[in-house]
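Next come the chains, spelled out residue by residue.
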Amino acid sequence: MGIVEVYDLDYQMNAYTQSSHRMTIENRTDAAVEYKYECSHVVVIDDENDNIIVADATREFGPHTVERGETEWHFETRTASLHNVRRNRNYILKTYTALRVTGGPSWGICREYNFKHR
C-alpha cells in the first residue's frame, strides 16, 4: 500500500517557489519490495499556446527497499529560484509526487499553483 501527497505550494515574492512532498509505503507482502519515488517541481510560463519551463527542481530518489511487514516514510521539500524569471508575468508551479514499486503498483498526485511574479 502506498500514500503520496504534495502540499504547501508556495511562491515567495522575488525569490523562489516551494513545495512539500510526502510518501508512505507499507509492505504487506511476504518478501522485500523495491521502490523509487519522485518529487516534481516545475515552473512554467502561463501561456495558452505553450508551457515553457523556466525552472525545474524535479528529483527521483532510490531505489529503496522496504522489508516485509515494514512501513517507510519520506519527506522532501523542493524549491526553485526565480532570479532569471521576468517580473509581471503569470506562471504556474506544476508539482507531483510519485511512488513506483518495482514490478508492482504506482501512486501519484499532481497539484498546481498559479502566480504572478512581482
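Residues numbered from 1 in each chain as written. Predicted model: local features only at pLDDT ≥ 70, side-chain atom pairs only at ≥ 80, totals over all residues. Heavy atoms only, no water.

Engineer: Now, about the overall build of the protein chain: what can you tell me, with residues and values included?
Structural biologist: The number of helices and strands found in the protein chain is 0 helices and 8 strands. When the helices and strands of the protein chain are placed in sequence order, the string is β-β-β-β-β-β-β-β. Taking the principal axes of the C-alpha coordinates as reference, the protein chain spans close to 55 × 25 × 15 Å. Within the protein chain, the fraction of its 118 residues that count as buried is 37%. For the protein chain, contacts bridging at least 24 residues in sequence account for 66% of all contacts bridging at least 6. (Helix = DSSP H or I, 4+ residues; strand = E, 2+ residues; numbered from the N terminus. Buried < 20%, exposed > 50% of the residue type's maximum accessible area, 1.4 Å probe, protein only. Contact = heavy atoms within 4.5 Å.)

Engineer: Can you explain the packing of aromatic side chains? Please cite residues and give values.
Structural biologist: Under the counting rule described, the total for this entry stands at 4 aromatic pairs. Ring centres 5.9 Å apart and planes at 25 degrees place the aromatic pair Tyr-91 and Phe-115 in the stacked group. Here Tyr-91, found in strand E7 (residues 89-101), pairs with Phe-115, found in strand E8 (residues 106-117); they are 24 residues apart in sequence, far enough to count as distant. We classify Tyr-91 as buried; its relative accessible area is 3%. (Phe/Tyr/Trp six-rings, centres within 6.5 Å; stacked < 30°, edge-to-face > 60°.)

Engineer: Any chance you could break down the confidence of the model for the protein chain for me, citing the residues and the numbers?
Structural biologist: On average, residues of the protein chain score 94 in pLDDT, and 100% of them are at 70 or above. At the low end of the mean pLDDT range in the protein chain sits strand E4 (residues 53-56), at 94; at the high end sits strand E5 (residues 59-66), at 98. (pLDDT = per-residue confidence, 0-100.)

Engineer: Summarise the nonpolar core; cite the residues concerned and give the values.
Structural biologist: Side chains that are nonpolar tend, in soluble globular proteins, to be buried together. Judged by nonpolar contacts, Val-6, Leu-9, Tyr-11, Val-43, Ile-45, Ala-55, Ala-80, Leu-82, Val-85, Tyr-91, Leu-93 and Phe-115 together constitute the single largest core of 12 residues. Per element, the largest residue contribution to this core is 3 residues, and it comes from strand E1 (residues 2-12). The contacts of Tyr-91, once residues within four sequence positions are left out, are Val-43, Val-44, Ile-45, Asp-46, Val-54, Val-85, Arg-86, Tyr-113, Asn-114, Phe-115 and His-117. Listed in part, the 11 residues of the second largest apolar core include Val-4, Val-33, Tyr-35 and Cys-39. (Core = buried A, V, L, I, M, F, W, Y, C linked by side-chain atoms within 4.5 Å.)

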